[in-house]
Structures are given as C-alpha cells and as structure tokens.
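Remarks on the overall topology
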Amino acid sequence: LKKKATDLVEMAKEKGTPVLEGIADDLRNKAINVTKDVLKKLEDKYKVLQQEVDRLGSLHMAIVNLDGTSNHWNGTTFDLSDKEYFQKAINGEYSVSDPLISGYDGALVMVYGAPIYYQGDVVGILIEIVDGANLSNIINEYAYGQTGTSFMVNREGMFIADENIDLVKEQFNAIEIAKTDEDYKAFAKIIEDMISGKTGVGELAYGNEKYVGYAPVKGADWYVGISIQCDEVLHVGDILREDVLLL
C-alpha cells in the first residue's frame, strides 16, 4: 500500500514540473514583448501591458525599475525592492511568489517576475499579478479517487494550495498549530519531513486512517502532498497505472 501511495505522489511531482516550466516560458515571452518596446514612451508600454491583462485575464501587470520602484498604469508606485521575486528577477531568474495577501486590496494573489533585457543587460522587471487561487486549482487536478486530496506547502510549512482555499487565505501551518494542539502532531511531523526535501509516505491515524504521500516540487521551494484513505489506495494505484500508460 505504501509503495502505491509513493507512486501516486511521484506522478504528482512529475506533473508539477511542467506547470512551473510553463509559467517561466510564458513570462519569458511577455518580457520579450516588453523588451521590443523598451525605447518607447512609458505610456505606450502601459498600453501594451493593459492589452495583455485583458487578453490573459491577469489581475495586473507592471514594470519595475532596477531600484525596485514599480510603475503602474494609474500613476501609482510601490517599493518592491525587498520582495524575493524582485531579487530573483533582477539577477536574471524567472520567479513565482507564494500565494500572498495583497497589501493593496487584501486579495489573495500570486506574483510572477521576469527580467527585461536590452542589449544583454537587465534593464527592468516585468511583474504579473494573478489570482492566488490558481495554484490550488492546478494542484486539485492531481487528486485521484473518491477520497484523495492534494495540497502544497512552502518552505515554512504554510499551506499555499489546497481544495479548501480558506486554508491558504488563513496561511494555515500545521507545524505552528501543533505547538499548542496535540491533534496536529502527526500531521506536523509529515509537513516537517516534506519541507526537509524528503519524498515519502506518512500515516494519519485519527478519523479515517490516511496515507499522505509527499515530494518536493522541482524548481521551487514548494512541496506537494496527496492524502488518501488507506482502503482506497489499492484502487487509486490501479488508476495511476492506467494514466501512466496513456501519457
């Protein structure tokens, strides 16, 4: 049974990688489009970005100066110099933030960051702001069977994706809760193993007994888990084998 649960999470891990690669490719293309217009007036760039927002259904896009000051179509500016996605992008990396609560309007969002190049040098950063529930929607596609559910945590153990989006909005962290609530000790131990980079399977005995298979997501400080009731693991293992044959 444990072997089948491990196979299941290996499948989720392999599917998670192209998701991140797809985000990076999308950002790269958008940054190239902005680079083509880099010598135009800033107002013209805003027009291009607004067209992209309307076309893609993003919440917002903006250009960030090398000092971390973001320029927005409505004239507002923000200092993003301390944000991790800015620090990565300014060093030439394509980055994706954890789902976070926007300081602007309190919405759950994610921020994508991409360097803008001109003649080989990074001259600015392109950021795209999207619905923070997107990651949960993606990970929920990888649950199998009747009782299987997927979730994802960041390097602190905080939930960043789950079928219950309220857990993400509340920044649920079993490790922190377990410090005062014994019922979460076993789950917290699994989360600790996850964020240490391990791939494995843990057991939860309270309520309906479950296996929790887990693995790191390649290319990000994220860790994916799939929990499923023990009596369904055999059935889900059969479904997994059929899916692998279809890929």
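Preceding this section is the structure that the text describes.
Here the structure is a predicted model, which is why all the values come from computation and not from measurement.

1. Quick look at the nonpolar core
- If you look at the biggest cluster of nonpolar residues, it comprises 17 residues, and the most contacted ones within it are Phe-151, Val-153, Phe-159, Phe-187, Ile-190, Ile-191 and Met-194.
- The set of elements that each furnish at least two residues to this core consists of strand S8 (149–154), helix H6 (174–177), helix H7 (185–195) and strand S11 (210–217).
- Per-element tally for this core: the top contributor is H7, with five residues.
- If near-sequence neighbours (up to four positions away) are discounted, Phe-159 is found in contact with Phe-151, Met-152, Val-153, Leu-167, Val-168, Phe-172 and Phe-187.

2. Re the packing of aromatic side chains
- Summed over all chains, the structure comprises five aromatic pairs.
- Taking the centre distance of 5.8 Å and the plane angle of 75° together, the rings of Phe-151 and Phe-187 count as edge-to-face. Note that Phe-151 is positioned in strand S8 and Phe-187 in helix H7, a separation of 36 residues in sequence.
- According to the relative accessible area criterion, Phe-151 is buried, its value standing at 4%.
- Looking at Phe-187, the relative accessible area reads 10%, which means it is buried.
- Ring plane angle 90° and centroid distance 5.0 Å describe the contact between Phe-159 and Phe-172, whose orientation is recorded as edge-to-face. Here Phe-159, found in strand S9 (residues 159–162), pairs with Phe-172, found in the loop between helix H5 (165–169) and H6; they are 13 residues apart in sequence, far enough to count as distant. The burial state of Phe-159 is the same as that of Phe-172; both residues are buried.
- Within the aromatic cluster, the residues linked to one another by ring pairs are Phe-151, Phe-159, Phe-172, Tyr-184 and Phe-187.

3. Remarks on the pairing of strand S1 (residues 60–64)
- Counting buried positions along S1 yields five of five residues, so the element is predominantly enclosed.
- With burial as the criterion, each face of S1 is covered, one bearing His-60, Ala-62 and Val-64 and the other bearing Met-61 and Ile-63.
- Relative to strand S7 (residues 121–131), S1 runs antiparallel, the two being bridged by five bridges. Each residue of the ladder has a partner; that of Ala-62, found in S7, is Ile-127.
- The hairpin formed by S1 and strand S2 (residues 69–71) contains four residues between the paired strands, and Gly-68 there has a positive phi angle of roughly 95°.

4. Some words on the side chain of Ser-70
- Relative to the helices and strands, Ser-70 resides in strand S2.
- Sequence-distant contacts of Ser-70, defined by excluding residues within four places in its chain, comprise Ile-63, Val-64, Thr-76, Thr-77, Phe-78 and Leu-80.

Cut-offs used in this document
Residues numbered from 1 in each chain as written. Predicted model: local features only at pLDDT ≥ 70, side-chain atom pairs only at ≥ 80, totals over all residues. Heavy atoms only, no water. Core = buried A, V, L, I, M, F, W, Y, C linked by side-chain atoms within 4.5 Å. Buried < 20%, exposed > 50% of the residue type's maximum accessible area, 1.4 Å probe, protein only. Helix = DSSP H or I, 4+ residues; strand = E, 2+ residues; numbered from the N terminus. Contact = heavy atoms within 4.5 Å. Phe/Tyr/Trp six-rings, centres within 6.5 Å; stacked < 30°, edge-to-face > 60°. Pairing = 2+ DSSP bridges.

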